[in-house]
Amino acid sequence: MFTPYRTIQQVSIITYEIEEPMYQIVSAQFLAENIKKIEIEAPRIAKKRKAGQFVMIRVGETGERIPLTIAGSDPEKGTITIIVQGMGKSTRELNRKEAGDTIHDIVGPLGTPSHIENFGTAVSIGGGVGTAIAYPTAVALKEAGNNVITINGARSKDLVILEKEMAAVSDEAYITTDDGSYGFHGFVTQKLQELIDSGKKIDLVLAIGPIPMMRAVAEVTRPYNIKTVVSLNPIMVDGTGMCGGCRVTVNNETKFACVDGPEFDAHQVDFKNLMDRNKLYLPEEKHSTDAFAHKCHMHKQA
Amino acid sequence: MDAQHITTKERLAIPRQEMPAQLPEVRIHNFNEVHLGYTPELARQEALRCIQCKDPVCIKGCPVNIKIDQFIKLIAEGNFLGAAKKIKEDNVLPAICGRVCPQEDQCEKMCILTKKHESVAIGNLERFAADYERETGNVELPSVKSSTAKKVAVIGSGPAGLSCANDLIQLGHAVTVFEALHELGGVLVYGIPEFRLPKEIVKAEIEGLKQLGVVFVTNAVAGRSITVDELLKEEHFDAVFIGVGAGLPWFMGILGENLLGVYSANEFLTRVNLMKSYQFPENDTPVFNCKGKNVAVFGGGNTAMDAVRTAKRLGAEHAYIVYRRSKAEMPARLEELHHAEKEGIEFMLLMNPVEFIGNDQQWLTGVKCLKMELGEPDDSGRRRPVPIKDSEFILPIDMAVISIGNGSNPLIKQTTPDIEVSKRDTIVVDMNTMATSKENVYAGGDIVTGGATVILAMGAGRTAAAAIHEKLMGVSAK
Ligand SMILES: Cc1cc2nc3c(=O)[nH]c(=O)nc-3n(C[C@H](O)[C@H](O)[C@H](O)COP(=O)(O)OP(=O)(O)OC[C@H]3O[C@@H](n4cnc5c(N)ncnc54)[C@H](O)[C@@H]3O)c2cc1C
Ligand SMILES: Cc1cc2nc3c(=O)[nH]c(=O)nc-3n(C[C@H](O)[C@H](O)[C@H](O)COP(=O)(O)OP(=O)(O)OC[C@H]3O[C@@H](n4cnc5c(N)ncnc54)[C@H](O)[C@@H]3O)c2cc1C
Ligand code: SF4
Ligand code: SF4
Ligand code: FES
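In this text the structure is predicted, and so the values were computed from the model without any measurement.

A. A look at the overall build of chain A. Within chain A, the secondary structure is distributed over nine helices and 19 strands. The C-alpha radius of gyration of chain A comes to 20 Å, within 12% of the 19 Å expected for a compact globule of 302 residues. Along the three orthogonal principal directions, the C-alpha set of chain A runs to about 65 × 50 × 40 Å. Across the 302 residues in chain A, those meeting the buried criterion constitute 57%. At a minimum sequence separation of 6, the contacts of chain A that also span at least 24 residues come to 62%. Surface accessibility of chain A: about 13000 Å² in total, with carbon and sulfur atoms responsible for 51%. Between the centroid of the 33 positive side chains of chain A and the centroid of its 37 negative side chains there is a distance of 2 Å.

B. Quick peek at the overall build of chain B. Each helix and strand in chain B was counted, giving 19 helices and 16 strands. Taken over C-alpha atoms, the radius of gyration comes to 23 Å for chain B, in line with the 23 Å a tight globule of 478 residues would show. In terms of overall dimensions, chain B has a C-alpha envelope of 65 × 65 × 50 Å along the principal axes. Residues counted as buried form 59% of the 478 residues belonging to chain B. The long-range fraction of contacts in chain B, counting pairs at least 24 apart against all pairs at least 6 apart in sequence, stands at 69%. Accessible surface for chain B amounts to roughly 19000 Å². Of this, 51% is attributable to carbon and sulfur atoms.

C. Broad picture of the pairing of strand 14 (residues 399–402) of chain B. Residues and elements named next belong to chain B. What you see with strand 14 is no split at all: Met399 and Val401 on one side and Ala400 and Ile402 on the other are buried throughout. Relative to strand 14, strand 7 (residues 294–298) runs parallel, the two being bridged by four bridges. When the bridges of strand 14 are listed, Ala296 appears paired with Ala400.

D. Region of the structure containing the environment of Ala239 of chain B. Note on placement: Ala239 of chain B falls in strand 4 (residues 239–242). In contact with Ala239 of chain B, not counting residues within four places along its chain, are Lys151, Val152, Ala153, Leu232, Asn440, Ile468 and Leu472 of chain B.

E. Quick peek at the confidence of the model for chain B. With 99% of its residues at a pLDDT of 70 or more, chain B shows a mean pLDDT of 92. The complex model carries a pTM of 0.90, and its ipTM stands at 0.88.

F. Region of interest: the pattern of salt bridges. Under the definition given, this model contains 50 salt bridges over all chains. Measuring nitrogen to oxygen at the nearest pair gives 2.7 Å for the salt bridge that ties Glu219 of chain A to Arg222 of chain A. The shortest N-O distance in the salt bridge between Lys438 of chain B and Asp418 of chain B comes to 2.7 Å. Of this pair, Lys438 of chain B sits in the loop between helix 17 (411–415) and strand 16 (441–443) while Asp418 of chain B is found in the loop between helix 17 and strand 16, placing the two residues 20 residues apart along the sequence. For Asp418 of chain B, a relative accessible area of 40% corresponds to the partly exposed category. The structure contains a network of salt bridges with shared partners spanning Arg27, Arg196, Asp306, Arg309, Arg313, Arg333, Glu335, Glu336 and Glu343 of chain B.

G. The arrangement of the side chain of Asp276 of chain A in detail. By secondary structure assignment, the location of Asp276 of chain A is in helix 8 (residues 271–277). For Asp276 of chain A, the residues in contact, after removing those within four places along its chain, are Leu260 and Gln362 of chain B.

H. View of the site of ligand 4. Residue and element names in this part refer to chain B. In the vicinity of ligand 4, the contacting residues are Cys50, Ile51, Cys53, Pro56, Cys58, Asp69, Cys111, Ile112, Val120 and Ile122. Here ligand 4 occupies the largest cavity. Of the residues assigned to the shell around ligand 4, the class counts are nine nonpolar, no polar and one charged.

I. Spotlight on the sheet that holds strand 16 of chain B. All names here are of chain B. Sheet architecture is open: five strands sit in the order 3-2-1-4-16, paired in parallel fashion. A single partner strand is all that each edge strand has here, and the edge strands are strand 3 (215–217) and strand 16. Each adjacent strand pair in this sheet contributes to an overall mean axis angle of 20°, direction not counted. Note that strand 4 and strand 16 share three bridges and pair parallel. Among the inter-strand pairings, Val240 is bridged to a residue of strand 16, identified as Val441. Sheet strands in contact with helix 10 (residues 159–170) are strand 1 (151–155), strand 2 (174–178), strand 3 and strand 4, and its direction is about 165° off that of strand 2. Sheet strands in contact with helix 19 (residues 454–473) are strand 1, strand 4 and strand 16, and its direction is about 170° off that of strand 4.

J. Quick peek at the packing of helix 14 (residues 265–274) of chain B against helix 15 (residues 302–313) of chain B. Residues and elements named next belong to chain B. Axis separation between helix 14 and helix 15 bottoms out at 10 Å; the angle between their running directions is 50°. Between helix 14 and helix 15, the interaxial angle falls into the category oblique. Remark: the crossing between helix 14 and helix 15 carries left-handed chirality. Only Thr303, Asp306, Ala307, Thr310 and Ala311 of helix 15 make contact with helix 14, whose side of the interface consists of Ala265, Phe268, Leu269 and Val272. Its residues placed into classes, the contact of helix 14 with helix 15 shows six nonpolar, two polar and one charged.

K. The arrangement of empty space enclosed by the protein in detail. All names here are of chain B. As enumerated under the stated definition, the model contains eight cavities of 30 Å³ or more in all. Approximately 120 Å³ is the volume found for the largest cavity. Together, 15 residues line the largest cavity, and Cys50, Cys53, Cys58, Cys111 and Val120 are the ones closest to its centre. Of all the elements, helix 5 (residues 68–76) adds the most residues to the lining of the largest cavity, at three residues. In terms of residue class, the lining of the largest cavity is made up of 13 nonpolar, one polar and one charged.

L. Representation of helix 10 of chain B within the structure. Residues and elements named next belong to chain B. If you check helix 10, its first and last C-alpha atoms are 17 Å apart, about what twelve residues at 1.5 Å a residue would give, namely 16 Å. Burial analysis of helix 10 places eleven of its twelve residues in the buried class, which makes it a mostly covered element. When we look at burial in helix 10, the residues that qualify are Pro159, Ala160, Gly161, Leu162, Ser163, Cys164, Ala165, Asn166, Asp167, Leu168 and Ile169.

M. Spotlight on the domain arrangement of chain A. All names here are of chain A. Domain parsing of chain A yields domain 1 (15–110), domain 2 (112–231) and domain 3 (234–286). Just the C-alpha atoms count here: the centres of domain 1 and domain 2 sit 25 Å apart. Listed by partner, the interface residues are 17 residues for domain 1 and 15 residues for domain 2. Approximately 1200 Å² of surface area, both sides summed, lies buried where domain 1 meets domain 2, with 68% of it carried by carbon and sulfur atoms. Broken down residue by residue, the surface that domain 1 buries against domain 2 is led by Ala51, Thr69 and Ile83, which jointly contribute 34%. Along the contact surface separating domain 1 from domain 2 lie zero salt bridges. Taken together, domain 1 and domain 2 are joined by one residue pair in polar contact (both at pLDDT 80 or more). Contributing elements (two or more residues each) for the side of domain 1 that touches domain 2: strand 3 (23–32), strand 4 (35–41) and strand 8 (79–85).

Definitions and cut-offs
Residues numbered from 1 in each chain as written. Chains lettered and ligands numbered in written order. Predicted model: local features only at pLDDT ≥ 70, side-chain atom pairs only at ≥ 80, totals over all residues. Heavy atoms only, no water. Helix = DSSP H or I, 4+ residues; strand = E, 2+ residues; numbered from the N terminus. Rg over C-alpha atoms; globule rule 2.2 N^0.38 Å. Buried < 20%, exposed > 50% of the residue type's maximum accessible area, 1.4 Å probe, protein only. Contact = heavy atoms within 4.5 Å. Areas by Shrake-Rupley, 256 points an atom, 1.4 Å probe, with all protein chains shown as cover. Lys, Arg positive; Asp, Glu negative; His and termini not counted. Charge placed at Lys NZ, Arg CZ, Asp CG, Glu CD. Pairing = 2+ DSSP bridges. pLDDT = per-residue confidence, 0-100. Salt bridge = Lys/Arg side-chain N within 4 Å of Asp/Glu carboxyl O. Near = heavy atom within 4 Å. 1 Å grid on protein atoms, 1.4 Å probe; cavity = no way out; pocket = protein on both sides within 12 Å on 5 of 7 lines; lining within 4 Å. Sits in = over half its atoms within 2 Å of the grid points. Nonpolar A, V, L, I, M, F, W, Y, C, P; charged D, E, K, R; others polar. Axes fitted to C-alpha atoms, helices over the stretch in contact; angles between N-to-C directions. Parallel < 35°, antiparallel > 145°, perpendicular 65-115°, else oblique. Left-handed = near helix turned anticlockwise from the far one by under 90°. Points joined across faces, edges and corners; volume = space filled by probe spheres on them. Expected span 1.5 Å × (residues − 1). Domains from an automatic or database assignment. Buried area = accessible area lost by both parts, 1.4 Å probe. Polar contact = N/O pair within 3.5 Å; in protein donor to acceptor, adjacent residues only side chain to side chain.

The following block contains the structure:
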């Protein structure tokens, strides 16, 4: 059943268990500094979601709607898992939640599921919190019989997330760190280039992370004509195709990332336009983040 | 003068009673409702203007055939609650329709007085009666027939879905409304701004439906969270009504449309109305900071007027309407046009945008336009605008809002392929029953007609409710 409104109510033949439309957090723990894994009760979404899909979350009554990828789900238990990096106000507020707390609104699963088939050898690349977004698709690729190689990149050792989980679905698993504190010293693109240079036949590359990383991966694979998919992260409002705020330019056409995507052919994406459009609310975001940090600070002092 | 002893001549001598409104220079600084409503005295005075025609032609102009002469008579007699009841026999959302119906094209256009005098202010009176009933705490819940043990799912909580749910619950069916957003009301809450339709009124109407037993499920996107087939087969609904509106914004397809500062009207209005970004930072959702900026809205419908007046209220220095045709062709309600003019909105008519121009940071700085002149009438009977040679010029703007209409959201079509849709992706129905090509699935409102009006969507919801009842019970609803 969905979570409907009010308290127990008889509607002729059916009885709905009715509570506040709030969503319970079942468990929550930090995976790395500022990156939290949160398991939430949302039975309908847990049952329906497919790899590559996301939810829109509104943390509180006055909150904004933010998109977060469904990192995993447990249909039996009726829960979904999200992995959130504290960026600005909404994500930090979410990261302060603990088991037992509630979230005001969750809607999903949204977006077109990842296109999954047995491509042959698939390389899944995750940068930073992008690893959380790449993970469910890596799982699905493995289940479809692909030879899965994962490259899990982070700035430094303590920011590496989902190392065990990624390794478990990989035939080959690599960690890269920018500062060399763990695994391969360098960027994910360098590791990818190494794999290509070693003569490995690669049929699909999936890259999810910061925009510059995704753009760099696209440039690495372009000369070899390797099919490359990225998951785009424009600013969204409704997530249902109603506002057009999430529009991105792909193959010189305007697409709505929330319904046509979020995954697109990396070689056709206009990354510059995406990067520019994501700067739209920088002053407002800074204002909210600073005010929120200040409030948290005061809270600690009190 | 009282309702019993007044001659037609005396009635005709009364001037149309204007509804008090906030002064333009005041209201452009707030989001409160522009119109303040009739006082009981003004309402009675206006009601006395109705000559109580033997053949009240006004009724033919109302898509739901409200018994206009009768309710106005009750107002003239001072029986305001009786008037509200009378209206509600035909229209479940009178406080809303009284405010947003394009009366000058419907009931008031047909009013016999229109020819020689000014029409009776039917919309204002309807609004008054409904407000009076609500504000004095006299709203009575209608009676609900005993349970039929049938379940109906309504998808979308706009006027079409709400009116369908209302009729069905009263006929004794169990009704569950599934809404994609976190709030109920459709365009009434995310599109039409507070200054034209206070959200409190929409809330009150929905509260009434909840009390009748309608179950509302928010955050439920049909096609994604649940499909029509699942509703029928797994959730065992006996029928489904689809009222998902026309929610896919069209862009103009010109260069520069993805520059920073270019919005669809849906996005701009959703941010401001639904997410309340005019109260940023108390509400977290930001919107373009219009203060002191130049904003241009492209289009000439109600949505365009709402967007441009919203920009003005957010502090825009210049707020323009850029429209390809002339004022006479604008589809917006006349009243809204007048309000916009008084609020200092600047109309750039017979102009067609051809390209948005940005700076090196990709922020919008201007729009290149062509001047137009009116040529031969087109399919819609409106004179087609044709560009004037070498008339190109650049209008400097910081923000653009595109308001040229909406297509249909493809979600239902994609996930329920056995529902027939038109070339424009609207759902095809039998207009007498609103039945779709799929057994036990009905549809109505903007998803069938394309962007239309609140009252037409409501009418469609009611037609469908009656047909659903007949189908499920084998008897007519009447
Ligand atoms: C399809 C999709 C899936 C995503 N999945 C994840 C995920 O699994 N884990 C995760 O940590 N992050 C994910 N993100 C990014 C996440 O939505 C943003 O980090 C978040 O919205 C930032 O909000 P904020 O208030 O905390 O930060 P803000 O200070 O408001 O913004 C920080 C940056 O986030 C972006 N952003 C701001 N508002 C939005 C918005 N409404 N929608 C999208 N982006 C926005 C902007 O680029 C902005 O510069 C995803 C984004 C998309 C589009
Ligand atoms: C800004 C603006 C101003 C307007 N002004 C006027 C006016 O002054 N007078 C007038 O008569 N008309 C006006 N209109 C038009 C009028 O609002 C619409 O014709 C009317 O609302 C249509 O009603 P509806 O029920 O068909 O759809 P909507 O009101 O659009 O409601 C549809 C609902 O369905 C939901 N939905 C969509 N997809 C799904 C899904 N897959 N699953 C679940 N739910 C879904 C949407 O979120 C929405 O809540 C205006 C429209 C706009 C946009
Ligand atoms: S519902 Fe609309 S058309 Fe009908 S009487 Fe009222 S204002 Fe006029
Ligand atoms: S047509 Fe005009 S005057 Fe006649 S009954 Fe209707 S509102 Fe009254
Ligand atoms: S977020 Fe509004 S259309 Fe994609």
